[in-house]
Amino acid sequence: MTTTPGSPAESAPGRDWRAPAAACTTVVLWASAFVSIRSAGEAYSPGALALGRLLAGTLVLGSICLVRREGLPARAAWPGIVTSGLLWFGLYMVVLNWGEQEVDAGTAAMVVNIGPILIALLGARLLGEGLPRRLLAGMAVSFAGAAVVGLSLSGHGGSSVLGVLLCLLAAVAYAAGVVSQKPALRHGSALQVTTFGCLIGTVACLPFSGVLVSEAADAPLSATLNMFYLGVFPTALAFTTWAYALARTTAGRMGATTYAVPALVVVMAWLLLDEVPAPLSIGGGLLCLAGVAVSRTRRRTGLTRKNPARPVERSRDGEERQPAGRP
């Protein structure tokens, strides 16, 4: 359903639960991806894992597009689709998988979480979104929490300069991909932008097809199933719900929302992998969530729907009175 200026969905933004629900879906599924990557990454190399994940995601998204008869997005959407497809779906997934093999999980988490900060800065510079104080304050708190979680997960001697540089490249590719995707959503639906972005990333990763075939022959079933899970849920579904929410808010606020991921990863590792979180991890996770809450709040203007601002008329003697027709 499209909304027009003055429609209920736009005039009462607090009542529309769909965008927040989409953002929450994305965050939960992206957090679950870290658990699946641990299993699949033991049997698949970075490029092969990225290609297998993208192939599964493209097949699911393409099938949905055919059923819904979405068609091709408008020409104006393609620059953003191609750029986000190459940088976010393609480069980001490969270098992140590679980087996480070179550094411990804590270091990777700290470096990659530079991404939301870059998104806010690029969004302000390239999209004219501005940098509200609450957003900056919330991101500072969340980044501190992510750093604490990273320190609690860090091993000893497991990091390399190459791994840190790869994770930094992943953060830059992620930020540039998000900022490129935002304008495309003005000319195409969330499903269209996600489907063709995923397709572009798949084509970019095709050089890894030979490696994927050879590794799939020897990989255990659990690793292959985790790769398909990554393609169907954290890619096809989560990237679509992300695009839906991104079209309805700023890139900076959406980027800040992803700081909830480290907190959820700690909880999921505890529940699914029986990894009891350290007190430092719990504290860092709570900081992440607190920062997200701060960044998502808006400054109160003092006006409510029950008491909207009303024009004031003055009589000839200077006394205020209500306009005609108003209680």
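What counts and what doesn't
- Residues numbered from 1 in each chain as written.
- Predicted model: local features only at pLDDT ≥ 70, side-chain atom pairs only at ≥ 80, totals over all residues.
- Heavy atoms only, no water.
- Patch = residues over 30% accessible without salt bridge, like charges linked within 9 Å, V, L, I, M, F, W, Y side chains within 5 Å.
- Areas by Shrake-Rupley, 256 points an atom, 1.4 Å probe, with all protein chains shown as cover.
- Salt bridge = Lys/Arg side-chain N within 4 Å of Asp/Glu carboxyl O.
- Helix = DSSP H or I, 4+ residues; strand = E, 2+ residues; numbered from the N terminus.
- Buried < 20%, exposed > 50% of the residue type's maximum accessible area, 1.4 Å probe, protein only.
- Contact = heavy atoms within 4.5 Å.
- Core = buried A, V, L, I, M, F, W, Y, C linked by side-chain atoms within 4.5 Å.
- pLDDT = per-residue confidence, 0-100.
- Expected span 1.5 Å × (residues − 1).
- Bend = angle between axes of the 7 residues up to and from the residue.
- Polar contact = N/O pair within 3.5 Å; in protein donor to acceptor, adjacent residues only side chain to side chain.
- Phe/Tyr/Trp six-rings, centres within 6.5 Å; stacked < 30°, edge-to-face > 60°.
- Lys NZ or Arg CZ within 6 Å of the ring centre and 35° of its normal.

A. A look at a nonpolar patch on the surface. Taken together, the side chains of Val161, Leu165, Leu168 and Val172 define a hydrophobic patch exposed on the protein surface, amounting to about 360 Å² of accessible area. Position of leucine 168 among the secondary structure elements: in helix H8 (residues 161-184). Exposure remark for leucine 168: the relative accessible area of 36% places this residue in the partly exposed category.

B. Up close: the side chain of threonine 240. Note on placement: threonine 240 falls in helix H11 (residues 221-246). Note on threonine 240: relative accessible area 17%, which makes it buried. For threonine 240, the contacting residues outside a window of four places in its chain are Leu61, Ala190, Leu191, Thr194 and Thr235.

C. Representation of the pattern of salt bridges in the model. Summed over the entire model, instances satisfying the criterion amount to one salt bridge. Between arginine 68 and glutamate 70 there is a salt bridge; the shortest N-O distance is 3.2 Å. Overall, arginine 68 belongs to the exposed group, its relative accessible area being 55%.

D. Region of the structure containing the nonpolar core. Grouped together as the largest cluster of nonpolar side chains are 74 residues, with contacts concentrated most on Tyr44, Trp88, Tyr92, Val178 and Trp242. In contact with valine 178, other than residues within four places in its own chain, are Trp88, Ile119, Trp242, Leu246 and Ala251.

E. Looking closely at the confidence of the model for the protein. Averaged over every residue, the pLDDT of the protein is 80; the share at 70 or more is 77%. Averaged pLDDT values over the elements of the protein bottom out at 39 in helix H1 (residues 8-11) and peak at 97 in helix H9 (residues 190-204). Taken as a whole, residues 301-327 scores under 50 in pLDDT and shows 21 contacts with residues more than four places along the chain or in a different chain.

F. View of helix H4 (residues 78-102). The terminal C-alpha atoms of H4 lie 34 Å apart, and with 25 residues this matches the ideal 36 Å at 1.5 Å per residue to within 8%. At leucine 91, H4 shows its maximal kink, close to 35°.

G. Molecular detail of the side chain of threonine 202. Note that threonine 202 resides in helix H9. For threonine 202, a relative accessible area of 5% translates into the label buried. For threonine 202, the side chain forms a polar contact with the side chain of threonine 58, separated by 2.9 Å. Of the polar contacts made by the side chain of threonine 202, one reaches the backbone oxygen of cysteine 198; its length is 2.8 Å.

H. Structural view of the packing of aromatic side chains. Applying the stated criterion to the full structure yields eleven aromatic pairs. Measuring from centroid to centroid gives 5.3 Å for tryptophan 78 and phenylalanine 196, while their planes differ by 65°, and the two rings are edge-to-face. Taken together, the residues span a long stretch of sequence, with tryptophan 78 in helix H4 and phenylalanine 196 in helix H9 at a distance of 118 residues. Taken together, a centroid distance of 5.8 Å and an interplanar angle of 45° make the contact between tryptophan 88 and tyrosine 174 tilted. Taken together, the positions of tryptophan 88 in helix H4 and tyrosine 174 in helix H8 put the pair 86 residues apart, joining distant regions of the chain. For the pair tryptophan 88 and tyrosine 174, a shared accessibility class is recorded, and that class is buried. Each residue in the set Trp30, Trp88, Phe89, Tyr92, Tyr174, Phe239 and Trp242 is aromatic and connected to the rest through ring pairs, giving one cluster. Directly above the aromatic system of tyrosine 244 lies the positively charged group of arginine 248, at a separation of 3.7 Å from the ring centroid.

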